[in-house]
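Structural features, examined
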Amino acid sequence: QVQLVESGGGLVQPGGSLRLSCAASRRILDFNDMGWYRQAPGKQRDVVARIFQLGTTYYGDSVKGRFTISRDNAKNTVYLQMNSLEPADTAVYFCNARLNSGREDWGRGTQVTVSS
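On a predicted model such as this, the values are computed, not experimentally measured, just so you know.

Some points on the sheet that holds strand β3 (residues 18-24)
Read across the open sheet, the four strands follow the order β1-β3-β8-β7; overall the sheet is antiparallel. Whereas interior strands pair on both sides, the edge strands pair on one side only; in this sheet they are β1 (4-7) and β7 (67-72). Ignoring which end each strand starts from, the neighbouring axes of this sheet average 15° apart.

What about the pairing of strand β5 (residues 46-52)?
In this structure, strand β4 (residues 33-39) lies alongside β5, joined through six bridges in antiparallel fashion. Across the sheet, residue Gly35 finds its bridge partner in β5, namely Arg50. Joining the antiparallel neighbours β4 and β5 is a turn of six residues, in which Gly42 adopts a positive phi near 75°. For β5 and strand β6 (residues 57-59), the ladder comprises three bridges, and the chain directions are antiparallel. By the bridge assignment, Ala49 is partnered in β6 with Tyr59. Joining the antiparallel neighbours β5 and β6 is a turn of four residues, in which Gly55 adopts a positive phi near 100°.

Here we look at the side chain of Asp105
As for its placement among the helices and strands, Asp105 is situated in strand β10 (residues 104-106). One polar contact links Asp105 to Arg103, side chain to side chain, over a distance of 3.1 Å. Other than its neighbours up to four places away in sequence, Asp105 contacts Gln1, Val2, Leu4, Cys95, Asn96 and Ala97.

Regarding the state of the cysteines
Applying the stated criterion across every chain, the model contains one disulfide. At a sulfur-sulfur separation of 2.0 Å, the disulfide partner of Cys22 is Cys95. In this structure the cystine formed by Cys22 and Cys95 twists about its S-S bond by roughly -80°; its chirality is therefore left-handed. Separated by 73 residues along the polypeptide, Cys22 in strand β3 and Cys95 in strand β9 (residues 91-98) bring together distant segments of the chain. Accessibility classification places Cys22 together with Cys95 in one group, the buried group.

Rules and cut-offs
- Residues numbered from 1 in each chain as written.
- Predicted model: local features only at pLDDT ≥ 70, side-chain atom pairs only at ≥ 80, totals over all residues.
- Heavy atoms only, no water.
- Pairing = 2+ DSSP bridges.
- Helix = DSSP H or I, 4+ residues; strand = E, 2+ residues; numbered from the N terminus.
- Axes fitted to C-alpha atoms, helices over the stretch in contact; angles between N-to-C directions.
- Polar contact = N/O pair within 3.5 Å; in protein donor to acceptor, adjacent residues only side chain to side chain.
- Contact = heavy atoms within 4.5 Å.
- Disulfide = S-S within 2.5 Å.
- Buried < 20%, exposed > 50% of the residue type's maximum accessible area, 1.4 Å probe, protein only.

See the structure below:
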């Protein structure tokens, strides 16, 4: 089991930026992929972005061109740079790690609120 600890959430005005971090307790290159999901009140948890073992990335349609996922293998940390934030981006953001076996682990989440 891996421990995933998110940080970097907070309150930001529309148009602003935040960078989320997800620190893992083991080598992130051990995972098939890692990513970020988000869940707004009363809504399902949706994928935001994923980064795969070889470095390829995937983004949800609503964040393409605004969010960037990256990783620092030496620090075992995955990042989510969020620019041009909108009120619709308000949600709890969760880090996810998935092994080749299909096993998944989740962090506890970090709140992002976009409001003036």
